[in-house]
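Structural description and commentary
These are the residues of each chain, in order.
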Amino acid sequence: MPTTTTRGRREILVNVAHDLSRAENVDQLLDRIIESAREVMNCEVCSLLLPDESGDMLIRSTLSSDSGPIRVPKGKGIAGEVYLTKEVVNIRDAQQDPRHFSKAGVTVGLATHSMLTIPLLDGESCLGVMQAINARDREHFDDEDVELFETFGSLVAVTLIRMEAQKTAVREAEYRQQLNLATEIQRSFLPPSHGEVGDLHIDAFYQPASEIGGDFYFWHPLENGRVLLGIGDVCGKGFAASLDMARASTL
């Protein structure tokens, strides 16, 4: 594989940054970034490791695996250390480093030697780590490699933040839709806000503190021109209070 010149490296970096500003599919963009990083770093493999709910790191790599996502246990390997310390680690031969988690390489048939690992930072928070593995045409990664790789890491961090913002927006939209439906259902348990019973004119004003809650009212015409009126307030707020309100209104 021919060595990419410094100018070529920076051109690729600019192109990736341009793609970042207009990309719609962030998953594809992450693959594009790590593949571009592999080209710029002139290395055999480039990987992105992100923590899941358990704290284990899941590997997204330019080297495909038929066995599904590769998992690095929480705190294990050089990636686990970089994630915790938020410090760059650049080593010449991972096989000689006791911190190296060799199982990941064995799974995909990769013998790891030179390895550059950087944290993906959002302020003081670490979102994950990125690794360049096995430098080509040289024994190890140098200071220029570290600088460029950290720049790629910044792009990945921005992309991850964008991914999370999109997920949050989807969750909020789904919640809002559910809330609107719940509000409609709750109001369906209430009687009309206006009514006439003989000479009595009824007007009800209903405004919960939030979209749904435990306040309710009722009115029912009785015999002999009488009207049964009532108001109630279920302790608490939100969905639980609205369910109690629905039961009480039904009764």
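Throughout what follows, the structure given in this document is the object of discussion. On a predicted model such as this, the values are computed, not experimentally measured, just so you know.

Within a beta sheet, neighbouring strands are joined by backbone hydrogen bonds and run either parallel or antiparallel to one another. Taking strand neighbours across the sheet as the criterion, the six strands line up as E3-E2-E1-E6-E5-E4 in an open arrangement whose pairing is antiparallel. Looking along the sheet, the strands with just one partner apiece sit at the ends: strand E3 (70–72) and strand E4 (89–91). With direction set aside, neighbouring strand axes in the sheet form an average angle of 25°. As paired elements, E4 and strand E5 (residues 115–122) share three bridges and run antiparallel to each other. Bridged to Val89 within E5 is Thr117. Across the sheet, helix H3 (residues 77–85) touches strand E1 (43–51), strand E2 (57–61), E4, E5 and strand E6 (125–135), and the angle it forms with E6 is around 145°. The strands that helix H5 (residues 143–188) touches are E1, E4, E5 and E6; relative to E5, the one it contacts most, it runs at about 40°.

Counting 26 residues, the largest nonpolar core has Leu116, Met130, Phe149 and Val156 as the members making the most contacts within it. Where this core is concerned, the elements lending two or more residues are helix H2 (26–41), E1, E5, E6 and H5. Of all the elements, H5 adds the most residues to this core, at nine residues. One finds Val72, Ile91, Ala94 and Leu110 within the second-largest nonpolar core, a separate group that totals 14 residues.

Together, Leu181, Ile185 and Phe189 line one region of the surface with nonpolar side chains, adding up to about 270 Å² of accessible area. By the secondary structure assignment, Ile185 is in helix H5.

Trans is the common state for peptide bonds, and a negative phi is the common state for residues other than glycine. Positive phi, normally seen in glycine, also occurs at Asn134, with a value near 60°. When you line up the elements, Asn134 lands in strand E6. Since its relative accessible area comes to 7%, Asn134 is described here as buried. Positive phi, normally seen in glycine, also occurs at Asp137, with a value near 60°.

Right, let's get into the environment of Phe218. Looking at the secondary structure, you find Phe218 in strand E9 (residues 215–221). Expressed as a C-alpha distance, the spacing of Phe218 and Ile231, which sit 13 residues apart in the sequence, is 6.4 Å. Residues within four places of Phe218 in sequence aside, it is in contact with Pro191, Leu228, Leu229 and Gly230.

Another aspect to go through is the pairing of E9. Each regular strand shows side chains that alternate between the opposite faces of the sheet. Pairing analysis gives seven bridges linking E9 to strand E10 (residues 227–233), with the strands arranged antiparallel. Within E10, the position partnered with Phe216 by the bridge is Gly232. As consecutive antiparallel partners, E9 and E10 are separated by five residues, and within that stretch Asn224 has a phi angle of approximately 60°, a positive value.

On to the pairing of E5. A large share of E5 lies buried, amounting to six of its eight residues. Two strands pair when backbone bridges link them, and E5 and E6 are joined in this way by eight bridges, in the antiparallel orientation. Across the sheet, the residue bridging to Ile118 is Met130, located in E6. Hairpin connection from E5 to E6: two residues lie between these consecutive antiparallel strands, with Gly123 at a positive phi of about 65°.

Attention shifts here to the pattern of salt bridges. One pass over the full model with this rule turns up seven salt bridges. Here Glu81 makes a salt bridge to Arg99, at a shortest N to O gap of 2.8 Å. Of this pair, Glu81 sits in helix H3 while Arg99 sits in the loop between E4 and helix H4 (103–108), and the two are 18 residues apart along the sequence. Judged by relative accessible area, which is 26%, Glu81 ranks as partly exposed. A relative accessible area of 28% places Arg99 in the partly exposed class. Of the charged contacts in the structure, one is a salt bridge between Asp97 and Arg99, with a shortest N-O distance of 2.7 Å. Each of the salt bridges in this network shares a partner with another, and the network as a whole consists of Asp52, Asp56 and Arg71.

Parameters at a glance
- Residues numbered from 1 in each chain as written.
- Predicted model: local features only at pLDDT ≥ 70, side-chain atom pairs only at ≥ 80, totals over all residues.
- Heavy atoms only, no water.
- Pairing = 2+ DSSP bridges.
- Helix = DSSP H or I, 4+ residues; strand = E, 2+ residues; numbered from the N terminus.
- Axes fitted to C-alpha atoms, helices over the stretch in contact; angles between N-to-C directions.
- Contact = heavy atoms within 4.5 Å.
- Core = buried A, V, L, I, M, F, W, Y, C linked by side-chain atoms within 4.5 Å.
- Buried < 20%, exposed > 50% of the residue type's maximum accessible area, 1.4 Å probe, protein only.
- Patch = residues over 30% accessible without salt bridge, like charges linked within 9 Å, V, L, I, M, F, W, Y side chains within 5 Å.
- Areas by Shrake-Rupley, 256 points an atom, 1.4 Å probe, with all protein chains shown as cover.
- Salt bridge = Lys/Arg side-chain N within 4 Å of Asp/Glu carboxyl O.

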